[in-house]
Structures are given as C-alpha cells and as structure tokens.
Amino acid sequence: MSTQQPAPTRRKRPAKPQFTQMTLLLEAFLVGFATLVAYGLRVAPPATVWTLGGVTFAILLLLSGYVGRPGGYVAGSLAQLAVLGFGVLVPMMYGVGAVFVVLWVVSLRLGARIDRERAEWDAAHPEGPPPV
C-alpha cells in the first residue's frame, strides 16, 4: 500500500489583475485592428494613423503588465480615454470603446469582489481545501 501525499496547493493568483490584464490585452488588439481600419479608410495621413495606433497599442500592452502595481489601475483607466479618442478617426470606435470601458469597470469590480470572497473563505478555512 503506497501512501501518497497530496500535491501542495498552488497559491491562487488574484482575480482583479487577471481580469484587468486580459481586458487591456484584448483592447490592445482592438486598437491594432482599428488602426488598420483607419489606414484603409485614409481618415488621416498614414504617418499619423500608424503613430497614434502604434503608440496606443504599445501603451496598452505595457499597462497590461503593470496592473496590480501602484498606479496601474489608474493608468489603465486613463488608457480607456485614449481608446475612446480613436473615435475621432473611426467613429465606430466610440461604441466599441464604450463597451471596453464597461468591461474595464466590470473587471475592476468583479475581480475585487472575487478576491475579497476568496480571502474570506481562506480565513474561514485555515486547513486549506478538502483532499481530493
């Protein structure tokens, strides 16, 4: 008879950074595609379109790595304004950007709620999860 010990449980990654990081990454790809649309429609000189799109894309990618650090959520919230600003070039981006603003707010609130509930459960069950 072998007595196997259960594998140690891994620490759960907080939900709020996961949700907000994924929102910013998806938004970065959205900006990439919106840049292609703006270029194809010739709404501005190509250098302007590629500079604005590329800088916004890069900022969103970088910010996705900084959520959870001091100022990361504030910077992510300000980045939402930049995405909404793309509506100047491609009017449809006002609507799509608004959807991502809603996703950002939901990510912040729902992620915080899940983290709070996990902490409460962990405090109430110090022995850890039941064996499998």
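As annotated in an unreviewed UniProt entry, the protein chain carries the name DUF4233 domain-containing protein and is attributed to Cellulomonas avistercoris.

(A) Spatial organisation of the UniProt feature "transmembrane region" (unreviewed entry) in the protein chain. As annotated by UniProt and renumbered to match this structure, "transmembrane region" (unreviewed entry) occupies residues 21–41, 47–67 and 79–106. In residues 21–41, the share of helix is 100% and the share of strand is 0%. The end C-alpha atoms are 30 Å apart. End-to-end, the C-alpha atoms of residues 47–67 are 30 Å apart, and along that stretch the chain is 95% helix and 0% strand.

(B) Fine view of helix 2 (residues 46–66). End to end, helix 2 covers 30 Å across 21 residues, agreeing with the expected 30 Å (1.5 Å per residue, within 8%). When helix 2 is considered as a whole, its buried residues turn out to be Val 49, Gly 53, Thr 56, Leu 60, Leu 63 and Ser 64. The buried residues of helix 2 occupy an angular sector of 110° when projected down its axis, which confines them to one face. Those residues of helix 2 that are exposed and aimed more than 90 degrees away from the buried face are Ala 47 and Leu 62. Contacts from the buried residues of helix 2 go to helix 1 (15–41) and helix 3 (72–85). A positive backbone phi angle near 95° is found at Gly 68, which sits one or two residues after helix 2.

Reading the values: the criteria
Residues numbered from 1 in each chain as written. Predicted model: local features only at pLDDT ≥ 70, side-chain atom pairs only at ≥ 80, totals over all residues. Heavy atoms only, no water. UniProt positions renumbered as here; feature names shortened; annotations may be inferred. Helix = DSSP H or I, 4+ residues; strand = E, 2+ residues; numbered from the N terminus. Expected span 1.5 Å × (residues − 1). Buried < 20%, exposed > 50% of the residue type's maximum accessible area, 1.4 Å probe, protein only. Arc of directions from axis to C-beta. Contact = heavy atoms within 4.5 Å.

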